[in-house]
Amino acid sequence: MTSGASAPGKIILFGEHFVVHGTRAILAAIDRRVTVVSSIIDESVIRIESALGSEEMDVSGSGTVPELRPFEFLAKRMIREFSHAGGIDIKIISEIPHGVGLGSSSASCVAAAASISGLFTRNTREEICRLAVEAERTIFKNTSGADCTVCTHGGIITYGRDSGFERSGETPGFQLIVSNSGLVHSTEKVVARVAEFKKRYTERFNILCEKESALVRTVTKHIRDRDSGGIGIAMKENQVYLEEIGVSSDALREIIRYADSHSLGSKITGAGGGGCIISVTDEPSPDHIIKKMQGYGIHSFGAKIDHTGLETF
Ligand code: PMV
C-alpha cells in the first residue's frame, strides 16, 4: 500500500514576521514542489529518506536528525491513531532549496501530512493543513501557519493567524523574480530576534504592525487593479520595515540594491537573515533581469504562481 502527495513551495509577498504577531500577510505558492511517497511496511520501523538525511527508528524509538522530526511525528501519530501493527517508509523528494525562505519545510510537512495520513484515511485539505502545522511546530514552535496554508491551497492568499485565509481570485498582472543569497537561515532564530525587538521597542513595533496592515490592505487593491508599479513601491516600503526590525544584512541589502535597479521593487521574502529576496516586474518575461542578476554572480530565477496547491496520487 502506497500513498503519494506533492505540495508547492511559497514566497511571502508582504507581511513576514508581522504575521507572527497578528498582522495579515500576502503569500503566493510557486512552481517548485516537494513530493512525498509513503508505504506501509511489515517491520515495526519508521524509515525516512530525504536529501537532509535518512534514518530508521523503531516505532517506539526516536530519531536523531532534527530536520526529520515532522515526519517522525506524522508517522507516529497515524500508527497510534489507526493502531497500525507494522511500520511506515517515507521518501521525500524536493525541488526547493532548503533554509532560504521558499517553503521547503512547509511544503514537506503538507505533502507528508497528506501522504502519510493517506495510507489510512481520506482527509480534507483543511485537516491536512492543520496536521502539517502541528508537524512543523515540532521544529518551529511559533510558526504563524501562513506557509503551510499557502502550500496546501496554492494561489495567492491573504492570511491572518486568527482570521484564517482568503484566496485572491485574480490572475496577477506581474512577474516575480527570486534571487537567492545562498545563505541558509534559521527561521526560529530570526523570529526570536524579532520578538526581542518587540520586547525592547514595543510601541515602535506596534506602529510598524499598523503600517504593515495598511500596506497589506493597499496591496490587495493593487493586485485587483493589476497595478504592478504600486506593488513594487509597496515592496520597497515593506523592506524599510524589515530593515528596522533587524532581519536584513549587508549581503541582502546589496542584492536588493541590484534588483531594485532592474525591477519595480524588491524585498526580503521569508525570515531574512539570509535566504532570498523577491522582485516584481510588469515585463512579460523576466529573463533579461535574471541574466543581469546572474551577471552580478547572484542565482536568480523567475517564479510562476502555482494555482493547484496540494495534489495526491
Ligand atoms: O521560514 P521562512 O523563511 O519562510 O519564514 C517564515 C515566515 C515568518 O513570518 C518569518 C514566520 C512565520 O511563521 O510566519
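Note that the structure is a prediction, hence the values are computed from the model and not measured. (Residues numbered from 1 in each chain as written. Predicted model: local features only at pLDDT ≥ 70, side-chain atom pairs only at ≥ 80, totals over all residues. Heavy atoms only, no water.)

## Concerning the packing of aromatic side chains
Any pair of aromatic rings gets described here by the distance separating the centres and the angle formed by the planes.
Here comes step 1: Inspection of every chain in the model, using the stated rule, returns five aromatic pairs.
Here comes step 2: Between the aromatic rings of F82 and F120, the centroid separation amounts to 5.3 Å while the plane-to-plane angle is 10°, which identifies the pairing as stacked. Of this pair, F82 sits in the loop between α1 (69–81) and β5 (87–94) while F120 sits in the loop between α2 (104–117) and α3 (125–136), placing them 38 residues apart in sequence.
Here comes step 3: Given a relative accessible area of 33%, F82 falls into the partly exposed group.
Here comes step 4: In textbook terms, an aromatic cluster arises when at least three aromatic residues are bridged by ring pairs, as seen for F18, F197, Y201 and F205.
Here comes step 5: The residue whose ring lies beneath R32 is F301, and the NZ or CZ to ring-centre distance is 4.0 Å.
Here comes step 6: In this structure, R257 is placed above the aromatic ring of Y258, and the distance from its NZ or CZ to the ring centre is 5.6 Å. (Phe/Tyr/Trp six-rings, centres within 6.5 Å; stacked < 30°, edge-to-face > 60°. Helix = DSSP H or I, 4+ residues; strand = E, 2+ residues; numbered from the N terminus. Buried < 20%, exposed > 50% of the residue type's maximum accessible area, 1.4 Å probe, protein only. Lys NZ or Arg CZ within 6 Å of the ring centre and 35° of its normal.)

## Describing the site of the ligand
Here comes step 1: Around the ligand there are 16 residues in total, and K10, H17, S144, T187 and A271 lie nearest to it.
Here comes step 2: Measuring from an oxygen atom of the ligand, one finds a side-chain N or O atom of K10 at 2.6 Å.
Here comes step 3: The side chain of H185 places a nitrogen or oxygen atom 3.0 Å from an oxygen atom of the ligand.
Here comes step 4: For the ligand, the accessible surface in isolation is 380 Å², of which the surrounding protein chains cover 94%.
Here comes step 5: In this structure, the ligand is accommodated by the largest pocket.
Here comes step 6: Listing elements by their share of the shell around the ligand, those giving two or more residues are β1 (2–14) and α5 (187–200).
Here comes step 7: Residues of the shell around the ligand, tallied by class, amount to six nonpolar, seven polar and three charged. (Near = heavy atom within 4 Å. Polar contact = N/O pair within 3.5 Å; in protein donor to acceptor, adjacent residues only side chain to side chain. Areas by Shrake-Rupley, 256 points an atom, 1.4 Å probe, with all protein chains shown as cover. 1 Å grid on protein atoms, 1.4 Å probe; cavity = no way out; pocket = protein on both sides within 12 Å on 5 of 7 lines; lining within 4 Å. Sits in = over half its atoms within 2 Å of the grid points. Nonpolar A, V, L, I, M, F, W, Y, C, P; charged D, E, K, R; others polar.)

## With respect to helix α8 (residues 250–260)
Here comes step 1: Those residues of α8 that fall on the buried side of the exposure criterion are L252, I255, I256 and A259. Down the axis of α8, the buried set is contained in an arc of 100°. They therefore lie on one face. Exposed side of α8, more than 90 degrees from the buried face: D250 and R257 are the residues found there. (Arc of directions from axis to C-beta.)

## Considering the packing of helix α6 (residues 202–224) against helix α7 (residues 228–244)
Here comes step 1: Relative orientation of the contacting elements α6 and α7 amounts to 165°, with a least axis distance of 10 Å. Classed by the angle they form, the pair α6 and α7 counts as roughly antiparallel. For α6 against α7, the interelement crossing comes out left-handed. Residues R204, L208, K211, E212, L215, V219, H222 and I223 of α6 pack against G230, I231, A234, E237, N238, Y241 and E244 of α7.
Here comes step 2: Class assignment for the residues of the contact of α6 with α7 results in seven nonpolar, three polar and five charged. (Axes fitted to C-alpha atoms, helices over the stretch in contact; angles between N-to-C directions. Parallel < 35°, antiparallel > 145°, perpendicular 65-115°, else oblique. Left-handed = near helix turned anticlockwise from the far one by under 90°. Contact = heavy atoms within 4.5 Å.)

## Brief notes about the layout of surface pockets
Here comes step 1: In this structure, the largest pocket occupies an estimated 890 Å³ of space.
Here comes step 2: As for the largest pocket, its lining consists of 44 residues, of which H98, S105, E136, I139 and T187 are closest to the centre.
Here comes step 3: Ranked by residue count, the leading element in the lining of the largest pocket is α2, at five residues.
Here comes step 4: Here the second largest pocket defines a volume of roughly 270 Å³.
Here comes step 5: As for the second largest pocket, its lining consists of 16 residues, and the residues nearest its centre are I26, T158, E166, S168 and T220.
Here comes step 6: Looking at the lining of the second largest pocket, the elements with two or more residues in it are β6 (156–160), β7 (164–168) and α6. (Points joined across faces, edges and corners; volume = space filled by probe spheres on them.)

## Some details on the sheet that holds strand β10 (residues 276–281)
Here comes step 1: If you trace the four strands from one edge of the open sheet to the other, you get β9-β10-β8-β11, paired in antiparallel fashion. Both outer strands of the open sheet, β9 (265–269) and β11 (299–303), are each paired with one neighbouring strand and no more. The sheet shows a mean angle of 25° between the axes of neighbouring strands, direction not considered.
Here comes step 2: Along the sheet face, α7 touches β8 (175–180), β9 and β10 and points at about 45° away from the line of β9. (Pairing = 2+ DSSP bridges.)

## Side note on empty space enclosed by the protein
Here comes step 1: Applying the stated criterion across every chain, the model contains one cavity of 30 Å³ or more.
Here comes step 2: Taken as a whole, the largest cavity encloses approximately 30 Å³ of empty space.
Here comes step 3: Here the lining of the largest cavity is composed, by residue class, of four nonpolar, three polar and no charged.

## Some details on the pairing of β5
Here comes step 1: Note that strand β2 (residues 25–41) and β5 share eight bridges and pair antiparallel. Bridge pairing links S39 to D89 in β5.
Here comes step 2: Looking at chain direction, strand β3 (residues 45–50) and β5 are connected through four bridges and run parallel. Paired with R47 across the two strands is D89, which belongs to β5.

## Things to note about the nonpolar core
Here comes step 1: I11, L13, F14, I90, L102 and I245 are the most contacted members of the largest nonpolar core, which totals 95 residues.
Here comes step 2: Dropping the residues within four chain positions of it, I11 is found in contact with L27, A28, I30, L102, L176, V178, T269 and I278. (Core = buried A, V, L, I, M, F, W, Y, C linked by side-chain atoms within 4.5 Å.)

Bear in mind that shape data such as this cannot, by itself, settle questions of function.
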